[in-house]
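# Descriptive structure summary
Now for the letters of each chain:
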Amino acid sequence: MEPTLRIAVETDADLLLEMMREYYAFDHHAFDHEKASPALRVLLRDPALGRVWLICAGDTPVGYVVLTFGYSLEMLGRDAFVDEFFLHETHRDRGWGRKAMAFVEAAARAIGVHAIHLEVTRHNARAKYFYPKLGFEDRDHHLMSKWISTETDKPKH
């Protein structure tokens, strides 16, 4: 069986939130359902912000990938960030991750994205091995973030 990807819609939010909980546990991120739910629903409603795809085995979702959009002069225009990518353990090491990322890359190219970025946690050795095989390069930059919202607390790591 080959994976298929379909655009997630708002009725998929509860399923996605459960997969997010599993992904966050795997990647050692704190998960706050009450804060994640509205953020996810905004993204699902507004395609100008990005895309969320469910990765499916037949009709059964077994993962998801989130691509959010930006704009970069350095990257000569529209760029995108693979914000989250999760595949259930039962479907890893089958080439499904590679196929899902090829799908995302083609979809991004079709809407004018010039570059795709992603981040990998330092402890995730598998991801640090996987992504360079897909052409992702360490640009010798460090991602630095500053929480500036006064409306909600910074997520825990």
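Structure: above.
Conventions adopted
- Residues numbered from 1 in each chain as written.
- Predicted model: local features only at pLDDT ≥ 70, side-chain atom pairs only at ≥ 80, totals over all residues.
- Heavy atoms only, no water.
- Phe/Tyr/Trp six-rings, centres within 6.5 Å; stacked < 30°, edge-to-face > 60°.
- Buried < 20%, exposed > 50% of the residue type's maximum accessible area, 1.4 Å probe, protein only.
- Helix = DSSP H or I, 4+ residues; strand = E, 2+ residues; numbered from the N terminus.
- Polar contact = N/O pair within 3.5 Å; in protein donor to acceptor, adjacent residues only side chain to side chain.
- Contact = heavy atoms within 4.5 Å.
- Pairing = 2+ DSSP bridges.
- Axes fitted to C-alpha atoms, helices over the stretch in contact; angles between N-to-C directions.
- Salt bridge = Lys/Arg side-chain N within 4 Å of Asp/Glu carboxyl O.

## As for the packing of aromatic side chains
What the rule picks out here adds up to 5 aromatic pairs. Ring geometry for Y23 and Y24: centres 5.7 Å apart, planes at 75°, overall edge-to-face. Note on accessibility: Y23 and Y24 belong to one class, buried. Consider the rings of W53 and F103, whose centres lie 5.7 Å apart with planes at 90°: the pair is edge-to-face. A residue pair is termed long-range when its members are at least 10 positions apart, and W53 in strand β2 (residues 50-57) and F103 in helix α3 (residues 96-110) qualify at 50 residues. Among the aromatic residues, those joined into a cluster by ring pairs are Y23, Y24, F31, Y64 and F86.

## Describing the side chain of H117
Residue position: H117 is located in strand β5 (residues 115-118). Polar contacts involving the side chain of H117 include one to the side chain of D79, which spans 2.9 Å. With residues up to four places along the chain from it excluded, the contact list for H117 reads M75, D79, A80, F81 and V82.

## Points about the environment of A102
Structurally, A102 can be placed in helix α3. When the C-alpha atoms of A102 and L134 are compared, they prove to be 8.5 Å apart, with 32 residues separating the residues in sequence.

## Section: the sheet that holds β2
Strand order in the open sheet formed by 5 strands is β1-β2-β3-β4-β5, with mixed pairing between adjacent strands. Edge positions in the sheet fall to β1 (3-7) and β5, since each of these pairs with one other strand and no more. The average angle at which neighbouring strand axes cross in this sheet is 30°, direction not considered. Pairing geometry for strand β3 (residues 60-72) and strand β4 (residues 77-87), over 10 bridges, is antiparallel. Each bridged residue has a counterpart across the sheet, and for Y71 the counterpart in β4 is R78. Contacts between helix α1 (residues 13-26) and the sheet are confined to β2, β3 and β4, with β3 contributing the most and set at about 85° to the helix.

## Regarding the pattern of salt bridges
For the structure shown, the criterion picks out 7 salt bridges. Its salt-bridge partner being K99, residue E2 comes within 2.6 Å of it at the nearest N-O pair. In this pair, E2 is assigned in the segment before β1 and K99 in helix α3, connecting sequence segments 97 residues apart. With a relative accessible area of 35%, K99 lands in the partly exposed category. In this structure, R109 and E105 form a salt bridge, with 2.7 Å as the shortest nitrogen-oxygen distance. Residue R109 and its partner E105 are located together in helix α3, separated by 4 residues, close to a single helical turn. Ionic contacts of the salt-bridge type, sharing partners, join the residues E10, D14, R41 and R45 into one network.

Structural measurements only, silent on function.
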